[in-house]
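The residues making up each chain are set out below.
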Amino acid sequence: MQQWLAQFRTYPDAAKHQGWEGVVELSFSIDSRGSIRGATMTRSSGVALLDNAAFELLDRASPLPPPPADDAPLRVTVPVAYRLGVP
């Protein structure tokens, strides 16, 4: 899941310019088609711009690879890290 999401993560230019970093933790369900349902933030980075970027990441990454049929819907919680100098 982390590798899939990492492909779609972008670091907001304004956050880079300000030197803002943080980790946003998102929780959501993945249905049998890979669609994201009920995304919520379970931990804020403390920077609204980064928090919003994490939700935008989910939009770009959707649909996700679907879970195995017997695991759908699947509830996951993932950290989305924004660190300068880290790919």
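Structural data are supplied above this passage.
Residues numbered from 1 in each chain as written. Predicted model: local features only at pLDDT ≥ 70, side-chain atom pairs only at ≥ 80, totals over all residues. Heavy atoms only, no water.

Q: An account of the packing of aromatic side chains is requested, with residue identities and associated values reported.
A: Evaluation of the coordinates by the stated rule reveals two aromatic pairs. Aromatic pair W4 and F8: ring centres 5.5 Å apart, planes at 50°, arrangement tilted. Using a relative accessible area of 29% as the deciding quantity, one classes W4 as partly exposed. With relative accessibility at 24%, the residue F8 sits in the partly exposed group. Ring geometry for Y11 against Y82: centres 5.5 Å apart, planes inclined by 90°, an arrangement best described as edge-to-face. Highlighted residues: Y11 in the loop between α1 (2-6) and α2 (13-18) and Y82 in strand β3 (residues 74-82), separated in sequence by 71 residues. Of the residues examined, Y11 reaches a relative accessible area of 15% and is grouped as buried. Take Y82: its relative accessible area is 0%, and that puts it in the buried class. (Phe/Tyr/Trp six-rings, centres within 6.5 Å; stacked < 30°, edge-to-face > 60°. Buried < 20%, exposed > 50% of the residue type's maximum accessible area, 1.4 Å probe, protein only. Helix = DSSP H or I, 4+ residues; strand = E, 2+ residues; numbered from the N terminus.)

Q: Explain the pattern of salt bridges residue by residue, including any values.
A: If you walk through the whole model with that rule in mind, you get two salt bridges. Two residues, D31 and R33, come together in a salt bridge whose shortest N-O distance is 3.4 Å. Note that R37 is salt-bridged to D31, the shortest N-O span being 3.2 Å. When its relative accessible area of 42% is taken as the criterion, R37 is described as partly exposed. A relative accessible area of 14% places D31 in the buried class. Through salt bridges that share partners, D31, R33 and R37 make up one connected network. (Salt bridge = Lys/Arg side-chain N within 4 Å of Asp/Glu carboxyl O.)

Q: Tell me about the pairing of strand β1 (residues 22-30), residues and numbers included.
A: Along a regular strand, successive side chains alternate from one face of the sheet to the other. Burial within β1 is extensive, with eight of its nine residues counted as buried. Relative to β3, β1 runs antiparallel, the two sharing nine bridges. Residue pairing for β3: G22 is matched across the bridge by Y82. The pairing of β1 with strand β2 (residues 36-43) spans five bridges and is classified as antiparallel. By the bridge assignment for β2, S27 is matched with T40. Between β1 and the antiparallel strand that follows it, β2, lie five residues; G34 among them carries a positive phi value of about 90°. (Pairing = 2+ DSSP bridges.)

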